Structures are given as structure tokens and as C-alpha cells.
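# Remarks on the overall topology
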Amino acid sequence: MTKAMPIPATLINMTEEIPGIVTLSLKLEADAPFECHYGQFNMLYLFGVGEVAISIMGWKEGVLLHTVRAVGRVTQALTAIKVGQQIGLRGPFGNGWPLTEAIAKDLVFITAGLGCAPAVAAINHAITHRQNYRKIVILQGVKHRQDLLWKQQYDTWRDHHNCQVLLAASEEKKGKMHWQLGLVTELLNNADFDIDNCVVMMCGPEIMMKAAIKQLAELGVADDAYYLSMERNFQCGQGFCGHCQIGPYFVCKDGPVFHFPAIKPWFGLSGF
Ligand SMILES: Cc1cc2nc3c(=O)[nH]c(=O)nc-3n(C[C@H](O)[C@H](O)[C@H](O)COP(=O)(O)OP(=O)(O)OC[C@H]3O[C@@H](n4cnc5c(N)ncnc54)[C@H](O)[C@@H]3O)c2cc1C
């Protein structure tokens, strides 16, 4: 696939996950080959409106799944397109989760809000290759219970694939089975994994990832266990515009997934 020029992709289905968040099923032109790693993203281009980075949530036989929250100009327009309409697509960009490096280790996914989108395909890969991994721990935080996307999938991971699934809602008044009140980081106290043999994959607001790392470090998890998917606003996806720079790195071409030791000096600093 070309990274410089968008290729046409046709909307064949749109699912409203919760109000304001939809999943687009986009069919690529018949001959367009597409291969990607879990954790990569595409640039979706709405003709005459603009282009945005959106994580690849899944893909199968020429159909790509992208889950989009309508936050601004382009995403609002993208979530209002109609089945049959064509948009432009460039990608895949960036790198992905370290699923090969994680073989024979415990996997810990910590996500918040729509941060779960880039992790879903990786979790499904781990489930499909369950024998390659030891424990799988999935922690997801939302504001309200009804904000949880793909509830059924979490239930299936818990009930049928021997995963520990812990969910937190920060703005609920009363707890319910499987739910804890509070921030996703508060779930860490109940997470069951080997601190000396784990890979921790995180995606969500940087403040959440910073708090999670601090807490895990206190438990004894070493810096080189963490991989972070970073989100920064950018224009080009090719390291030209500079909007997504973190120290010497660009989120668009060196990320979005970073091994924590590489970005540690700049992580959490404003202005970087
Ligand atoms: C690698 C990567 C993967 C992403 N994956 C997804 C995804 O799967 N689904 C999804 O819905 N969005 C995702 N995003 C975010 C998405 O690209 C932005 O929401 C989008 O660019 C907003 O464009 P807009 O024109 O709609 O909003 P704008 O009009 O540009 O901005 C609207 C508001 O959102 C804020 N904003 C815009 N972009 C960002 C950003 N990246 N981080 C923080 N605040 C921002 C602005 O400050 C403003 O307040 C991803 C971003 C990156 C970098």
C-alpha cells in the first residue's frame, strides 16, 4: 500500500458502539494488498475535509475496521458518512505491539477509554495463539459502565479464554459484578501476573500510563517490561510536520508503540 497517496476505501458497514463512537468497516479496492501489525494505524482521508490518524482495530479479507470517536472537524464528518461512500486511506503506519517478544511471558494490557481499540486485535491474536502466552490480564477503565465498548468480547475473554479481565468505572456510584469503582490504575492491586516475566502494553491518556508505570515500578516491574502506544496530533504521518515529536522520535513513524526505556527521558514532560 502506498503511504504517500491515499487509495479508495468504501464504507460497507457502520456500527454505532455507543453514542459518539462508531466502527467503520472499510473495503479496499479489489487489488490493494494490505498487511499490518497489531497496533499500527491508518490515515483516513475525507475528501475536501481532512485526514486523521485512526488505529487499526481489525482486518480480514480486504475489510478494515476502524473505531472512531467524533471529537472534531474531521472525525465528526467521518462518523457521518454513508454506506457506499468512498474515503481515502493511507497506511499502515508506525510499528506494533511486541507480540513475538512477549511469547512465553505474562501479557498485561492496560487501556482506558478508546485506548482499548488498538489493543483489541493484539488481545485477539494472543487468544488465538493462547498456548504461546502465560497469563493474560486485561484491565480497562471507562468513566461510566455504559462507555465500555465490546462488552461481549470482554466477557468472552474472561469466560472462555482464561484471561483475567478487570474493569473500572471512575464515575459510577455503585459497583456491580466484575466492576470496580475508580481509575483503571486501582485495578493493578488485584491483577495477577509474574512481575519478573511480563510484558505490559498500555494505551490511553498519558497521565494514566504515567500513574500505572509509577505503581507497577513500586511493585517491582522493570522499565523494559512496558510498551506504550502514544497518541499525538499530527498532519503527515511521515515525520515531516513535527507535531508528534517526543525527543528525537516521531509518534507517526517511530511509534505509536514505544518501548518505555526509549522515551523515558521525555515521557510526561510538557513541551515534548
Ligand atoms: C496513532 C494514533 C492513533 C489514533 N487512533 C484513534 C482511533 O482509533 N480512534 C479515534 O477516534 N481517534 C484516534 N486517534 C485520535 C484522532 O487522530 C484525533 O481524534 C483526530 O485527529 C481528531 O481530528 P479532528 O479533525 O476530528 O479534531 P480536531 O478538530 O483536530 O480537534 C478536536 C479536539 O480534539 C483534540 N485532539 C485532536 N487530536 C488529538 C489527539 N491525537 N490527541 C489528543 N487530542 C486531540 C484537539 O485538541 C481538539 O480539542 C489516534 C491518534 C493517533 C496519533
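These numbers were taken from a predicted model, which means no experiment stands behind them. (Residues numbered from 1 in each chain as written. Predicted model: local features only at pLDDT ≥ 70, side-chain atom pairs only at ≥ 80, totals over all residues. Heavy atoms only, no water.)

## Observations concerning the packing of aromatic side chains
Where we set the bar: Pairing of aromatic side chains requires ring centres within 6.5 Å, counting the rings of Phe and Tyr and the six-membered ring of Trp. Pairs whose planes differ by under 30 degrees are stacked, by over 60 edge-to-face, and all others tilted. Under the DSSP-based scheme used, a helix requires at least four consecutive residues in state H or I and a strand at least two consecutive residues in state E, with every element numbered from the N terminus. Each residue is placed in one exposure class: buried if its accessible area under a 1.4 Å probe, protein chains only, is under 20% of its type's maximum, exposed if it is over 50%, and partly exposed if it falls in between.
Summed over the entire model, instances satisfying the criterion amount to 8 aromatic pairs. Pairing Tyr 38 with Trp 59 gives two aromatic rings, centres 5.2 Å apart and planes at 40 degrees, and the pair type is tilted. Note that Tyr 38 is positioned in the loop between β2 (21-28) and β3 (41-46) and Trp 59 in strand β5 (residues 58-60), a separation of 21 residues in sequence. The exposure class of Tyr 38 is partly exposed, given its relative accessible area of 24%. You can call Trp 59 partly exposed: its relative accessible area is 28%. Look at Tyr 154 and Trp 157: their rings are 5.1 Å apart centre to centre, the planes differ by 70 degrees, and that puts the pair in the edge-to-face class. One end of the pair, Tyr 154, and the other, Trp 157, are both in helix α3 (residues 151-160), 3 residues apart, so they sit about a helical turn from each other. Every member of this aromatic cluster is reached through a ring pair, and the members are Tyr 226, Phe 260 and Phe 267.

## Side note on the UniProt feature "binding site: [2Fe-2S] cluster" (unreviewed entry) in the chain
Quick reminder of the rule: UniProt positions are given in the numbering used here, feature names are shortened, and annotations may be inferred rather than shown by experiment. Here, two residues are considered to be in contact whenever any of their heavy atoms come within 4.5 Å of each other.
In the numbering adopted here, UniProt assigns the feature "binding site: [2Fe-2S] cluster" (unreviewed entry) to Cys 236, Cys 241, Cys 244 and Cys 252. A compact arrangement is adopted by the annotated residues: their sequence extent is 17 residues, whereas the largest C-alpha distance between any two is 10.0 Å. Structurally, Cys 241 is set in the loop between β13 (226-229) and β14 (245-246). Given a relative accessible area of 27%, Cys 241 falls into the partly exposed group. Excluding anything up to four places from it in sequence, Cys 241 contacts Phe 234, Gln 235 and Cys 236. Relative to the helices and strands, Cys 252 is located in helix α5 (residues 251-254). You can call Cys 252 buried: its relative accessible area is 1%.

## Some details on the pattern of salt bridges
The cut-off we apply is this: Should a side-chain nitrogen of Lys or Arg be within 4 Å of a carboxyl oxygen of Asp or Glu, the pair is scored as a salt bridge.
All chains considered together, the criterion is met by 9 salt bridges. Between Asp 155 and Lys 151 there is a salt bridge whose closest N-O contact spans 2.8 Å. Within this pair, Asp 155 and its partner Lys 151 are both found in helix α3, separated by 4 residues, close to a single helical turn. Accessibility expressed as a relative area gives 22% for Asp 155, which makes it partly exposed.

## Brief notes about the sheet that holds strand β6 (residues 63-69)
Applicable threshold: Here, strands pair whenever DSSP counts at least two bridges between them. In this description, a line fitted to the C-alpha atoms serves as the axis of each element, helices being fitted only across the stretch in contact, and the angle between N-to-C directions of two axes falls anywhere from 0 to 180 degrees.
With antiparallel pairing, 7 strands are arranged side by side in an open sheet as β4-β3-β7-β1-β2-β6-β5. In this open sheet, the two edge strands, each paired with only one partner strand, are β4 (50-55) and β5. With direction set aside, neighbouring strand axes in the sheet form an average angle of 35 degrees. Pairing analysis gives 7 bridges linking β2 to β6, with the strands arranged antiparallel. Bridged to Leu 24 within β6 is His 66.

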